[in-house]
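A structural walkthrough
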Amino acid sequence: KTAARFLALILTAVCMSSAWSDELQQPDPGKRIRVFLLAGQSNMEGRANGLSLTPQDKERLREAQKRVQLAYNFQPVQPLDVVEPSSDIKELYQVDRIFGPELFLGIALAEAWPGEKLLLIKLAAGGTSLYGAWNPAWTRKQAATIKEEDEPRLFTDFVSYIKQVLSGYPSDQYEIGGMFWVQGESDAPVPQAAEAYGTNLGALVQ
């Protein structure tokens with residue numbers, strides 16, 4: 001399911017990538033867009049009910065949307081918001097809109113930096129491992145030990161996605177401020193994956 005879903009998303013991205021630059025907000029004179037990268041598995045993807053936000057949450061979000069954009073799983077860039085889940089998540093959790101850590105992260109960053117514009121670029125897929133799909137040094141043999149040889153190569157996909165989105169800016173109009181990673185459960189049960197986790201995570205961020 002994961003592989004099929006990401007193939008569909010990538011094909012959509014190819015068709016729509018020319019429109020991404022048109023959607024990107026422009027930096028104010030003398031400033032750069034602050035870019036943050038988000039990646040991981042289901043807890044990064046998000047399962048929170050997007051229709052459960054309080055009136056106070058919604059007001060904070062409306063203010064953040066004026067300066068914070070989200071690029072999520074190959075979908076077009078848009079103001080920070082809750083998103084439509086995949087069909088399997090929608091059916092399993094009975095939700096029409098979801099969000100992950102990016103929502104309140106974006107709100108908090110906007111409130112901390114009232115004069116800055118921000119862009120969050122996020123790629124997440126439930127049930128994926130750092131030892132397999134997310135490994136920067138991916139090999140089919142190693143991915144097979146964690147049963148992910150047929151999953152998308154998510155590290156490569158993420159780097160490509162970041163470059164596609166940021167191609168809408170000259171290099172002097174943005175700066176990458178940091179990366180947020182929420183993942184680990186899929187590596188924990190496999191001894192060699194668990195033992196290599198720290199090294200693999202360092203390599204991914206680097």
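Note that the structure is a prediction, hence the values are computed from the model and not measured.

Analysis parameters
- Residues numbered from 1 in each chain as written.
- Predicted model: local features only at pLDDT ≥ 70, side-chain atom pairs only at ≥ 80, totals over all residues.
- Heavy atoms only, no water.
- pLDDT = per-residue confidence, 0-100.
- Contact = heavy atoms within 4.5 Å.
- Phe/Tyr/Trp six-rings, centres within 6.5 Å; stacked < 30°, edge-to-face > 60°.
- Buried < 20%, exposed > 50% of the residue type's maximum accessible area, 1.4 Å probe, protein only.
- Lys NZ or Arg CZ within 6 Å of the ring centre and 35° of its normal.
- Core = buried A, V, L, I, M, F, W, Y, C linked by side-chain atoms within 4.5 Å.
- Helix = DSSP H or I, 4+ residues; strand = E, 2+ residues; numbered from the N terminus.
- Arc of directions from axis to C-beta.
- Polar contact = N/O pair within 3.5 Å; in protein donor to acceptor, adjacent residues only side chain to side chain.

Summing up the model confidence of the protein, the mean pLDDT is 91 and the portion of residues at 70 or higher is 90%. Considering only residues more than four positions removed or in separate chains, one finds that residues 14-19, a stretch of pLDDT under 50, has one contact.

Moving on, we come to the packing of aromatic side chains. Taken as a whole and judged by the stated rule, the model has seven aromatic pairs. Between F99 and F104, the ring centres sit 5.9 Å apart and the planes meet at 65°, which makes this aromatic pair edge-to-face. Residue class for F99 comes out buried when judged on its relative accessible area of 11%. Consider the rings of Y169 and Y174, whose centres lie 6.3 Å apart with planes at 45°: the pair is tilted. In textbook terms, an aromatic cluster arises when at least three aromatic residues are bridged by ring pairs, as seen for F36, W113 and F180. One residue, R34, lies across the ring of W113, its end atom 4.0 Å from the ring centre.

The biggest cluster of nonpolar side chains holds 26 residues, and the ones touching the most others in it are V35, L119, I121, W134, F158, V165 and L166. When contributions to this core are tallied by element, the ones reaching two or more residues are β1 (33-40), β6 (118-124), α7 (154-166), β7 (174-182) and α9 (197-205). When residues of this core are assigned to their parent elements, the largest contribution, six residues, is made by α7. M44, V82, V95 and A110 belong to the second-largest nonpolar core, a separate cluster that totals 23 residues.

Turning next to helix α3 (residues 55-64). Every buried residue of α3 is listed here: D57, L61 and A64. For α3, the angular spread of buried residues about the axis comes to 60°, placing them on one side. Exposed side of α3, more than 90 degrees from the buried face: P55 and Q56 are the residues found there. In this structure, the buried residues of α3 make contact with β3 (68-72) and α5 (102-112).

Before going further, it helps to examine the side chain of S86. Within the fold, S86 resides in the loop between β4 (78-79) and α4 (87-93). Among the polar contacts made by the side chain of S86, one reaches the side chain of D88 at a distance of 2.4 Å.

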